[in-house]
Amino acid sequence: DGTRTFDFLVIGDPCLKADLLAQPFADPFSGRNSSLSDAAPELKCEGGKLAGAMFSDHGHPIIGMFFTDPASLEAVPEVSVDHHKEAAAAAVSDPTFGYGEICSMRKAQGYNSGMGLIF
């Protein structure tokens, strides 16, 4: 009962610049020219908006929800103060939190794994 507030993860609507979806780019993994329309044929625009998407109150496509209700927050394991100190110290000496070597390797390989060109 009553008003409830939820927190969502959103992205920009690619259909605001729908003409760019057909713009060719060189795919660094295959070496072939492609476009987002070719690479993601399920991405469709209707009326200038991403088809099939749920939108936030501010008009952005929703891609995830943050669970910030008391029950969800209580379910998160408590982290010790010592762990926070260790993480803070590690961040000062290594801002990649130990992933630096892996990140460098992915960069050298042209980000050809995981989310690839997206991130």
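Above this note sits the structure.
As the structure is a computational prediction, the values presented were derived from the model and not from experiment. (Residues numbered from 1 in each chain as written. Predicted model: local features only at pLDDT ≥ 70, side-chain atom pairs only at ≥ 80, totals over all residues. Heavy atoms only, no water.)

Novice: How should I be thinking about the overall build of the protein chain in this particular structure?
Specialist: Looking only at helices and strands, the protein chain features four helices and six strands. Starting at the N terminus, the α and β elements of the protein chain follow one another as β-β-β-α-β-β-β-α-α-α. Per-residue burial for the protein chain yields a buried fraction of 9% across its 119 residues. Counting contacts in the protein chain only where the partners sit at least 6 residues apart, residues at least 24 apart contribute 54% of the total. As displayed, the protein chain has an accessible area near 9800 Å², and 59% of this comes from carbon and sulfur atoms. (Helix = DSSP H or I, 4+ residues; strand = E, 2+ residues; numbered from the N terminus. Buried < 20%, exposed > 50% of the residue type's maximum accessible area, 1.4 Å probe, protein only. Contact = heavy atoms within 4.5 Å. Areas by Shrake-Rupley, 256 points an atom, 1.4 Å probe, with all protein chains shown as cover.)

Novice: Which parts of the structure should I look at to understand a nonpolar patch on the surface?
Specialist: On the surface, a nonpolar cluster with roughly 440 Å² of combined accessible area is contributed by Phe6, Phe8, Val10, Met65 and Phe67. With respect to the secondary-structure elements, Phe67 resides in the loop between strand S6 (62–66) and helix H2 (70–74). The class of Phe67 is exposed, set by a relative accessible area of 55%. (Patch = residues over 30% accessible without salt bridge, like charges linked within 9 Å, V, L, I, M, F, W, Y side chains within 5 Å. Salt bridge = Lys/Arg side-chain N within 4 Å of Asp/Glu carboxyl O.)

Novice: Honestly, the environment of Leu20 in this entry has me stumped. Any pointers?
Specialist: Locating Leu20 in the fold gives a position in the loop between strand S1 (7–10) and strand S2 (25–26). With relative accessibility at 40%, the residue Leu20 sits in the partly exposed group. C-alpha of Leu20 to C-alpha of Ser37: the two residues are 17 residues apart in sequence and 9.0 Å apart in space.

Novice: Before we go on, may I ask you to explain the layout of surface pockets in this structure?
Specialist: Roughly 180 Å³ of volume is contained in the second largest pocket. Grouping the constituent residues of the lining of the second largest pocket by class yields three nonpolar, four polar and three charged. (1 Å grid on protein atoms, 1.4 Å probe; cavity = no way out; pocket = protein on both sides within 12 Å on 5 of 7 lines; lining within 4 Å. Points joined across faces, edges and corners; volume = space filled by probe spheres on them. Nonpolar A, V, L, I, M, F, W, Y, C, P; charged D, E, K, R; others polar.)

Novice: How should the side chain of Ser34 be read in this particular structure?
Specialist: Take Ser34: it is sitting in strand S3 (residues 33–34). Taking the relative accessible area as the measure of exposure, Ser34 reaches 17% and is therefore buried. What Ser34 contacts, discounting residues up to four positions off in sequence, is Gln23, Pro24, Phe25 and Ala39.

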